[in-house]
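# Chain and residue survey
Listed here are the chains, written in short residue letters.
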Amino acid sequence: MKKDTKEVYILDKIDQELSKIALENSYCITSDLIFENYEVFAERAKKHEVYGAFIERIVHNKNDNKCIKDIKKELAIRQIKSRKLLKELGTIHAAFKTNGIKYVVFKGIASVFWKCCSLTEKVNTDFDLLIMPEDLEKAYGIVATLGYKMAGSMKEDYSMRLLAWHGCTWHKGEYSIEIHHRYDNYGDEYKLDAESILKNLQEVSLQDVHICVPAVEDQLLLLCIHMYHHEYRGMKFKLKYQREIDNLIKNNFINWDMFKNKVHRCDAKFVVSYALYFCNETYELIFKKRLFDKTLLDDILPEDFDKRKNQLAHRQFLDTRSFGDWDEYIIYWEKRFGYDWKGGYAQRLFSDENYVALRFFCLCFYYSVQSRWRKAYEEFNIKYDERFFY
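## A closer look at the packing of helix H3 (residues 38-47) against helix H4 (residues 51-58)
Their axes nearest at 7 Å, the elements H3 and H4 cross at an angle of 140 degrees. Between H3 and H4, the angle is such that the two are oblique. Within the contact between the two elements, H3 uses Tyr-38, Phe-41, Ala-42, Ala-45 and Lys-46 and H4 uses Tyr-51, Phe-54, Ile-55 and Ile-58. Considering only residue class, the contact of H3 with H4 consists of eight nonpolar, no polar and one charged.

Below, the structure written as structure tokens:
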């Protein structure tokens, strides 16, 4: 059913307002649009995984709307949960340190330390830990003594570690741990082992809890890879990934020469260029100014970047009007929302999730037949298991 003009206008404004809240901490919220359409805002914020940032920003608004009272209660609960999460990480840190295991927690809590987001935003009760491959057996024993149980057999764990950057997940009540021994999957174009990150780790204190985090340049590299895997590979377009990269760049001193050297050493030129290019494009789209000077990418931009940015991976399995073209569906976007975003990337970032899912339902099939995975099965004699795929 065709949407009326008023509804189209509100939907468009909501996307813009939510983007400003997520991508710029100094943005001053003055619009009544949020409170007039709070449920829609909240739903969009959760979809983009910036709900914590959203409610933290509007709770101080002087509006007497009932939702403010509910938000204050919810924030109090989130603060308790996030503090418990940090305390649990502190327990893991102490156990690893006592047993001589070098590790970093990356993404998640590390993003809090590097001012990518607030602790209250991090209520997902999972940890991503990176350790040396030779410490895996010892680390497994430690988390087991802390009450965690592996979600799978040791055989499944071994098979997964041959193909991917971590084995089976460990669970204890509401908490879960992914123990990574590297940060690339079998067949990835870039190579990033644990040693290159762990040699620059920093032991820090966050709200009086000791943890180990990557150096800021390594954290930026890991966040770029994370965004690349979820967007370019997984078709999950969320403001969360851009929010954390934007804030990391704005709130920290980054040695760009050191960062670029890391990018070249692990052959991650396209991966990093992809993430930074589109963070910059989206920021300019929303705020009419760049996050950083585009010449910053000159030393790492691969020769084929323009060609590759105009398509998404796996497009050969889609129809001939492939959604893989960055500018392909701008006509659809204009008709649906009545607004010209002047670029193809924004359609994905703000498009209807169900529509995007409909276009890419065949991706799971792609992973099951893609040649690099077939080659891995043959090489390691691994039986097909759909849990290997994301």
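## Concerning the packing of aromatic side chains
Per the stated rule, a full pass over the model turns up 18 aromatic pairs. Where Trp-256 meets Phe-259, the ring centres are 5.6 Å apart and the plane angle is 90 degrees; that geometry is what we call edge-to-face. Of this pair, Trp-256 and Phe-259 are both found in helix H12 (residues 256-265), three residues apart, which corresponds to roughly one turn of the helix. Sitting above the plane of the Tyr-51 ring, Lys-46 keeps its charged end 4.8 Å from the centroid.

## Describing unusual backbone geometry
Of note in this structure, Lys-107 is not a glycine but carries a positive phi near 55 degrees. Inspection of the secondary structure puts Lys-107 in the loop between strand S1 (103-105) and helix H6 (108-113). Classification of Lys-107 as buried rests on a relative accessible area of 13%.

## Things to note about the sheet that holds strand S5 (residues 175-180)
As summarised here, the arrangement of the five strands in space is S1-S2-S5-S4-S3, forming an open sheet in which the pairing is mixed. Of all the strands in the sheet, the pair left with one neighbour each is S1 and strand S3 (149-150). Two strands pair when backbone bridges link them, and strand S2 (residues 126-131) and S5 are joined in this way by five bridges, in the parallel orientation. Counterpart to Asp-128 in the pairing with S5 is Glu-178. Along the sheet face, helix H5 (residues 66-98) touches S1, S2, strand S4 (170-172) and S5 and points at about 25 degrees away from the line of S2.

## Description of the pairing of strand S7 (residues 209-213)
Burial of S7 is extensive: four of the five residues sit out of reach of the surface. In the sheet, strand S6 (residues 202-206) pairs with S7 via five bridges, with the strands oriented antiparallel. In the sheet register, Glu-203 faces S7, and the bridge partner there is Cys-212. Between S6 and S7, which pair antiparallel one after the other, the connecting turn spans two residues, and Gln-207 there sits at a positive phi close to 50 degrees.

## With respect to the state of the cysteines
Linking two cysteines covalently through their sulfur atoms gives a disulfide. Applying the stated rule across the entire model yields zero disulfides. Cys-116 takes part in no disulfide bond, and the closest cysteine sulfur to it belongs to Cys-117, at a distance of 6.1 Å. Taking the relative accessible area as the measure of exposure, Cys-116 reaches 0% and is therefore buried. Residue classification places Cys-117 among the buried positions, given a relative accessible area of 9%.

Thresholds applied
- Residue positions within a chain follow its written sequence, with the count starting from 1.
- Under the rules for a predicted model, residues below a pLDDT of 70 receive no local features and side-chain atom pairs below 80 are neither given nor counted, while totals for whole chains, interfaces and linings still include all residues.
- Excluded from the side-chain calculations are hydrogens and water; all other atoms, namely the structure's heavy atoms, are used.
- The axes are straight lines fitted to the C-alpha atoms, using for helices just the contacting stretch, and the angles between their N-to-C directions are given from 0 to 180°.
- Only runs of H or I of at least four residues qualify as helices and only runs of E of at least two qualify as strands under DSSP, and these elements are numbered from the N terminus.
- Angles are sorted into four bins: roughly parallel if under 35 degrees, roughly antiparallel if over 145, roughly perpendicular if 65 to 115, and oblique for all others.
- The contact rule is simple, with two residues in contact once any of their heavy atoms fall within 4.5 Å.
- Amino acid classes used here: Ala, Val, Leu, Ile, Met, Phe, Trp, Tyr, Cys and Pro are nonpolar; Asp, Glu, Lys and Arg are charged; the rest, including Gly, are polar.
- Only Phe, Tyr and Trp rings take part, Trp by its six-membered ring, and two of them pair if their centres are within 6.5 Å. Stacked means planes under 30 degrees apart, edge-to-face means over 60, and tilted covers everything else.
- Here, over-ring charges are defined by two tests on the NZ atom of lysine or the CZ atom of arginine: distance to the ring centre within 6 Å, and angle to the ring normal within 35 degrees.
- Burial classification: accessible surface area is computed with a 1.4 Å probe over protein chains only, and a residue below 20% of its type maximum counts as buried, one above 50% as exposed, and the rest as partly exposed.
- Two strands qualify as a pair provided that DSSP identifies no fewer than 2 bridges between them.
- Note that a disulfide, as used here, is simply two cysteine sulfur atoms within 2.5 Å.

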